[in-house]
Amino acid sequence: MKTMSRLLVGVVLLALAGSLHAAVSVSRTQGFNKSWQFINSGYEGIEPYPTGYYKDYNGDGLADYLIVQKSGSGDLRAFTINTAATGGDKTYSNKTAGRDFAATAGSSVPDRVFTPRSPASDLPDLVVYSNNSGGTNGSNFDTLTFRRLDKTNTAWPTEKSKTLTMPFKAPWAVVWPEYSYDSDDYPDFFVYNSIAPKDGRRFVLTLYNGRTFEQIWQKTLALHADDVYSEVGGYAYSYSNLVVNELPLLPVGRIGNGDFDNDGKPELVCYYNFGSVLTGMKYTNCITVLNSSGNPISPYGSSWTAMDPSSTKGSPLLWAARADYDKDGYRDVMFIYTYQTIPNATAVPAFTAYSLKKRSVLFKSTNSDLGDTDEERSMFNTIEPLGCPGNGCVDLSGDGKIDLAVFRNKNEAQPLAVGLFHGVGGAGRKIWLTGSSSTVTGYERVHMDANDFNYDGVYDFALVKPPTGPAAPTFKIANTAFQASGISIGKTVNYTSSVTGSIGTDQTFFASSTTIGSFGDMNGNSQRDTWAGLWWELVDEDQVAVKGGASLVVYNTPPPSSSSAASVFASVDITATNLDNWCPAPFIYNARIVDGYSFVDNDKDSVTDDVIVYYDQALLALNFKDKGIYAAAAQATTPNPADGGTVQAGKPLRWEAPDGEYAESSFQVYLGTSQTAVTNATRASAEYKGDIGFTAVWLPRPALTAGKTYYWRVDTVNAFGQVTKGKVWRIGVKAPTNAAGGDWLMYR
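How each quantity is defined
- Residues numbered from 1 in each chain as written.
- Predicted model: local features only at pLDDT ≥ 70, side-chain atom pairs only at ≥ 80, totals over all residues.
- Heavy atoms only, no water.
- Helix = DSSP H or I, 4+ residues; strand = E, 2+ residues; numbered from the N terminus.
- Contact = heavy atoms within 4.5 Å.
- Areas by Shrake-Rupley, 256 points an atom, 1.4 Å probe, with all protein chains shown as cover.
- Pairing = 2+ DSSP bridges.
- Buried < 20%, exposed > 50% of the residue type's maximum accessible area, 1.4 Å probe, protein only.
- Axes fitted to C-alpha atoms, helices over the stretch in contact; angles between N-to-C directions.
- Phe/Tyr/Trp six-rings, centres within 6.5 Å; stacked < 30°, edge-to-face > 60°.
- Lys NZ or Arg CZ within 6 Å of the ring centre and 35° of its normal.
- Polar contact = N/O pair within 3.5 Å; in protein donor to acceptor, adjacent residues only side chain to side chain.
- Salt bridge = Lys/Arg side-chain N within 4 Å of Asp/Glu carboxyl O.

Caption draft 1: View of the overall build of the protein chain. Each helix and strand counted, the protein chain has one helix and 49 strands in total. Within the protein chain, contacts between residues separated by at least 24 positions form 60% of all contacts whose residues are at least 6 apart in sequence. For the protein chain, the computed accessible surface area is about 27,700 Å², with 48% contributed by carbon and sulfur atoms.

And the structure:
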């Protein structure tokens, strides 16, 4: 049974997610049996973090489900509910474990629950974070309190608590990633002020030990000398925003290692943009990279590196440490300038690939490739085409380098557009771009990496044409193949929601989609399935959401050559009606699968196909009526080092994943010094080291002991929870060397 190891953690909330008084009901379910439902009552909504299967507190053999809710007054409650399939409602009153946290504005306001997990445990901890803010978004505060709960006690008493005092009042951000910086194998966390105060013009970044909450180090980062705050009429008209990201450590050769100095710990990317009326609200964008001790790595110095001059128009609002574009073995970053609307300023490229390790631009887009005007070049995003499942970035153009999928959703000024661009090998230049092509006319949303619709081993994208009104809201979804020569629309599917309405006086209709993804073969017809989250709402003249509907739709995805149509075989529609007319639009948080790989068997029918559909006012546990015959994944093969070989202490173990689309969704690793114990080990055994996801590489933590002989086993788990036991392999261990190679992989 999957547990919290696959929790959806760190999702960015909508500004008002969970802050709606609404009447919620399930208006239609087809193709699903309902195991249970939890519909919000009393609190404002259900937080999307953290939700997931957690611990079996009532001993029925089923993991209970963790839910976190916040009230309008700032109170927070975290609890688990029994997940037995009753077909009815689950409520807070029959929780199996949990605790309430009251808010006192200006003293203690609970903000969220973090779930750090030690590699030695398959169950994450629960840490409640509070601060002394006024309880509103953007509040300044200077006191942070962390409470680790005793998860072995159903009352969740405080196991350890620590209050931290910041050097000044500001909106302090807390980031709790997944790596340890002090070699205790427990994830540590960062605290920093996202806005630099006018009187100090500095950011303060502090690393804390995740177990003890004690400070490991603290660094002060002054603003770039060119960034000067300004005031107009006594009001500040300057803006600075800091973002700190931990670079993940991954095997060299796939998407790049984030350990630039080869110390086995990830580096930190610090980035901020600054705008001021003194420069006409043009932006400067600055970056630096710190090592695990908080010091700038070479070639970065003590001052920020400015990405562009202050005369540029547009700010890179989006960025991600995405891929190894130049194939040097290290992770690079992509900056995306989403708008170019500031008059009398220098135009910026829509996207720029940047080598963090080398501190240099790798390539950037050419404006003429995207359009003739600022408006035409605005709002583009980019992502790398991926092989499936999880086989890294691909080269569609054949130039030996990673290509880029460039896209823009329809907006008020410009139509939807999709394109393929070169990466390093072609200096970021256009291969093709649809623009206003009739092929995509009428479609408004692009969903990249939706599914492999033409069965060529590369994830394709889906296009969505939303309905025009609520009387019979029909969405059209097009399966679109992504190829070197252009796009081709294959099968399409229409879905009409059972949630209907009529547009009243001074009301406006909105409809869209948020997520589309692949599902494997849920109904056993040897076709890939796709799921889509859809929504619509009515908004009045005061921008208050009056009524809306959210749908989760699952449909068959036959290959283009098949005579079979794409057809919906399972769906659920949710109705929400605003009760107190105070919540601004949009209020629909799209219905979606909490985690497409966390299938369980709550209804105990021997088929692991129960999924959770999340909506900010409801959780629905559903299982498919059509029960597919799910082929078990093949065994993992080709261990590296080979069976009987030797590995250097501190280096990872690798293997080959089974062939075949959706053959595996995760791997479970076992390790020990007894061949018999490893052979017979189960998830309850000491030899079990965890479910590590679909990456076919694992770093033992702590490091293996030189001179010893170990035995290890890798079980494959398919997308439906079925486990295929692996062979047992033997390895010897030799002493580590100090040779650099960037081949570290922290436990993930």
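Caption draft 2: Examining the sheet that holds strand 46 (residues 697–698) more closely. Taken in spatial order, the three strands line up as 41-43-46 in an open sheet, and their pairing is antiparallel. Since the sheet does not close on itself, it has two edges, and those belong to strand 41 (637–640) and strand 46, each with one partner. Relative to strand 46, strand 43 (residues 653–656) runs antiparallel, the two being bridged by two bridges. Within strand 46, the residue paired with R654 across the bridge is V697.

Caption draft 3: Up close: the pairing of strand 28 (residues 417–421). In terms of residue burial, strand 28 counts as a mostly covered element, since five of its five residues are buried. Along strand 28, one buried face is formed by A417, G419 and F421 and the opposite face, lined by V418 and L420, is buried too. In terms of strand pairing, strand 27 (residues 404–408) meets strand 28 through five bridges, oriented antiparallel. Pairing of A405 across the sheet is with L420, part of strand 28. Summarising the sheet, strand 28 and strand 29 (residues 430–433) pair through three bridges and their orientation is antiparallel. Its bridge partner being in strand 29, G419 is matched across the sheet by L433.

Caption draft 4: Geometry of the sheet that holds strand 8 (residues 109–114). If you walk across this open sheet you meet the four strands as 8-9-10-11, and the pairing is antiparallel. Both outer strands of the open sheet, strand 8 and strand 11 (158–170), are each paired with one neighbouring strand and no more. Averaged over all adjacent pairs, the angle separating strand axes in this sheet is 20 degrees, with direction ignored. Pairing of strand 9 (residues 127–131) with strand 10 (residues 141–149) involves five bridges; the strand directions are antiparallel. Counted as the bridge partner of Y129 is F146 from strand 10.

Caption draft 5: A look at the packing of aromatic side chains. Throughout the structure, instances matching the rule amount to 34 aromatic pairs. Between F146 and W176 the ring centres are 6.3 Å apart and the planes differ by 70 degrees, which places this aromatic pair in the edge-to-face class. Within this pair, whereas F146 is found in strand 10, its partner W176 is found in the loop between strand 12 (172–175) and strand 13 (189–193), the two being separated by 30 residues in sequence. As far as the burial class goes, F146 and W176 line up, both buried. Put simply, the rings of F114, Y129, F146, W176, F189, Y208 and F213 pair up and form one aromatic cluster. A cation sits over an aromatic face here: K55 above Y57, 5.7 Å from the ring centre. Sitting over the face of the ring of Y300, R359 holds its NZ or CZ atom 5.8 Å from the ring centroid.

Caption draft 6: Examining the environment of Y325 more closely. Relative to the assigned elements, Y325 resides in the loop between strand 22 (318–320) and strand 23 (333–336). The buried category is assigned to Y325, whose relative accessible area is 1%. In this structure the side chain of Y325 is engaged in a polar contact, spanning 2.5 Å, whose partner is the side chain of E384.

Caption draft 7: Structural detail: the pattern of salt bridges. Per the stated rule, a full pass over the model turns up nine salt bridges. Here D125 ties to K151 by a salt bridge, and the two come within 2.4 Å at their closest N and O atoms. Of this pair, D125 sits in the loop between strand 8 and strand 9 while K151 sits in the loop between strand 10 and strand 11, and the two are 26 residues apart along the sequence. Of the residues examined, D125 reaches a relative accessible area of 12% and is grouped as buried. Three or more residues joined by partner-sharing salt bridges are found here, namely D125, R148 and K151.

Caption draft 8: Just the environment of T679, in detail. You can see T679 is positioned in helix 1 (residues 675–680). Separated by 50 residues in sequence, T679 and W729 have C-alpha atoms that sit 9.7 Å apart. Every residue in contact with T679, bar those within four places of it in the chain, is listed here: R713, K725 and V728. Within the local environment of T679, its side chain forms a polar contact with the backbone oxygen of Q675, the two atoms lying 2.7 Å apart.

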